[in-house]
Amino acid sequence: MAKSLLNSKLKKNFNICAVNSSNEIKFLNFKKTKVMPVFNVVFLLVKPNIFYKEGKSFSKYLNTQTKVISCMAGVKKSTISKKLNTKKIVRIMPNILSLFGGSHTCVFSNDKNLANWTMKNITNIFGTSFIVKNENDIHKATALFGSGPAFIAKIISSYLKASKKMNFKYANNEEPILMLFKNVIELSKIYGGLDKFIKTISSKKGTTQEGINFLEKANIEKIIYTTIFKSYKRSKELSIEK
């Protein structure tokens, strides 16, 4: 995730350092200084189990004005506050598409001014973003937007593999299938959305309806919902693991 957040706009707007597991500071986009720099913003991008064990050691990088932005799945704001002895904490859930400005990022903080500052100055750099009203919504955002790109990629990958099993030869490798997904998403809007688009293509006892009937019998909506719910549940489990 850390590399995904380091897009060109973030590097342009901030002088950025990274601290590794050995507490070595790396100066990523400006010259090394002899004294430790003042950190106005600190991102928490470690795994939850590492933070539970080593979190208190991160407090040496904070001062009274430092804003702490956590990207950790499942770690509560109250836990972070206790470990770091600060209340200037924001939880966000971006995704891997942040590197290209394509993430949709959820923001949560009890401090509305801090949440607004984070959205304006940080998360909008990653793409689009919005503020959620309660911390539990960050668990939901973890499943929908944080893990979502992998779930969608899995669906597309499965379609690609299925098409190859049909032994249908088409040019440009996977490009026609990938374009199919892209065009359906973009052009279905003309038909009033995906559900109306499906009805436009389907005809009673036709080939499309045969496939749709199978998907509905297999309860594809339940499969997708269960996938997202399991991810959401795991995020909540991480909030109580230590």
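Residues numbered from 1 in each chain as written. Predicted model: local features only at pLDDT ≥ 70, side-chain atom pairs only at ≥ 80, totals over all residues. Heavy atoms only, no water.

Visitor: Would you mind going over the packing of aromatic side chains in detail, with residue names and values included?
Guide: Across all of its chains, the model carries six aromatic pairs by this definition. Measuring from centroid to centroid gives 6.0 Å for Phe 39 and Tyr 61, while their planes differ by 80 degrees, and the two rings are edge-to-face. One end of the pair, Phe 39, is in the loop between strand S2 (25-27) and strand S3 (41-44); the other, Tyr 61, is in the loop between helix H3 (48-54) and strand S4 (67-70), and 22 residues separate them in sequence. Of the residues examined, Tyr 61 reaches a relative accessible area of 9% and is grouped as buried. (Phe/Tyr/Trp six-rings, centres within 6.5 Å; stacked < 30°, edge-to-face > 60°. Helix = DSSP H or I, 4+ residues; strand = E, 2+ residues; numbered from the N terminus. Buried < 20%, exposed > 50% of the residue type's maximum accessible area, 1.4 Å probe, protein only.)

Visitor: Explain the packing of helix H6 (residues 136-146) against helix H7 (residues 148-165) to me, using residue names and the numbers behind them.
Guide: At a minimum axis separation of 5 Å, H6 and H7 run at an interaxial angle of 35 degrees. Together, Ala 143, Leu 144, Phe 145 and Gly 146 of H6 and Gly 148, Pro 149 and Phe 151 of H7 make up the contact between the two elements. Here the residues of the contact of H6 with H7 sort into five nonpolar, two polar and no charged. (Axes fitted to C-alpha atoms, helices over the stretch in contact; angles between N-to-C directions. Contact = heavy atoms within 4.5 Å. Nonpolar A, V, L, I, M, F, W, Y, C, P; charged D, E, K, R; others polar.)

Visitor: Residues and numbers for the sheet that holds strand S7 (residues 127-131), please.
Guide: Strand order in the open sheet made by the five strands is S3-S4-S5-S6-S7, with mixed pairing throughout. Since the sheet does not close on itself, it has two edges, and those belong to S3 and S7, each with one partner. Averaged over all adjacent pairs, the angle separating strand axes in this sheet is 25 degrees, with direction ignored. Helix H4 (residues 77-84) contacts S3, S4, strand S5 (89-93) and strand S6 (103-108) of the sheet and is inclined by roughly 135 degrees relative to S5. (Pairing = 2+ DSSP bridges.)

Visitor: Please set out the environment of Glu 175 residue by residue, giving values where relevant.
Guide: Within the element layout of this structure, Glu 175 appears in helix H8 (residues 175-187). Remark: the alpha-carbon pair of Glu 175 and Leu 160, spanning 15 residues in sequence, is separated by 9.9 Å.

Visitor: Go over the packing of H6 against helix H11 (residues 220-238), please, and point to the residues and values.
Guide: Where H6 contacts H11, the two axes come as close as 8 Å, and the packing angle between them is 135 degrees. Viewed along their axes, H6 and H11 adopt a mutual orientation that is oblique. Considering the relative orientation of H6 and H11, their crossing is right-handed. Contact with H6, carried on its side by Asn 136, His 139, Lys 140, Thr 142, Ala 143 and Leu 144, involves Ile 228, Ser 231, Tyr 232, Ser 235 and Lys 236 of H11 and no other residues of that element. In the contact of H6 with H11, the residues fall into four nonpolar, five polar and two charged. (Parallel < 35°, antiparallel > 145°, perpendicular 65-115°, else oblique. Left-handed = near helix turned anticlockwise from the far one by under 90°.)

Visitor: Describe unusual backbone geometry, listing the residues and the values that go with them.
Guide: Its identity is not glycine, yet Asn 85 carries a phi of approximately 55 degrees, on the positive side. When you line up the elements, Asn 85 lands in the loop between H4 and S5. Phi at Asn 219 takes a positive value of approximately 60 degrees, unusual for a residue other than glycine. As for its position among the elements, Asn 219 is in the loop between helix H10 (207-217) and H11.

Visitor: Please provide a residue-by-residue account of a nonpolar patch on the surface, values included.
Guide: Taken together, Ile 155, Phe 214, Leu 215, Ile 220, Ile 223 and Ile 224 make up a surface patch of nonpolar side chains, about 540 Å² in accessible area. Elements supplying a minimum of two residues to the nonpolar patch: H10 and H11. No other element matches the three residues that H11 contributes to the nonpolar patch. Along the chain, Ile 224 falls in helix H11. (Patch = residues over 30% accessible without salt bridge, like charges linked within 9 Å, V, L, I, M, F, W, Y side chains within 5 Å. Areas by Shrake-Rupley, 256 points an atom, 1.4 Å probe, with all protein chains shown as cover. Salt bridge = Lys/Arg side-chain N within 4 Å of Asp/Glu carboxyl O.)

Visitor: Go over H4, please, and point to the residues and values.
Guide: Residues of H4 that are buried: Lys 77, Thr 79, Ile 80, Ser 81 and Leu 84. Of the surrounding secondary structure, the elements contacted by the buried residues of H4 are S3, H3, S4, S5 and S6. Once H4 finishes, Asn 85 follows within two positions and takes phi at roughly 55 degrees, a positive value.

Visitor: Please give an account of the pattern of salt bridges that cites residues and values.
Guide: For side chains bearing opposite charge, pairing can occur when the charged atoms are close. One pass over the full model with this rule turns up four salt bridges. The partner of Lys 140 in a salt bridge is Asp 137, with the nearest N and O atoms 3.6 Å apart. Here Lys 140 pairs with Asp 137, and both are found in helix H6, just three residues apart, close to one helical turn. Taking relative accessible area as the criterion, Asp 137 reaches 21% and is therefore assigned partly exposed. Across the pair Lys 164 and Glu 174 runs a salt bridge, and its minimum N-O distance is 3.2 Å. Taken as a pair, Lys 164 in helix H7 and Glu 174 in the loop between H7 and H8 lie far apart in primary sequence, 10 residues in all.

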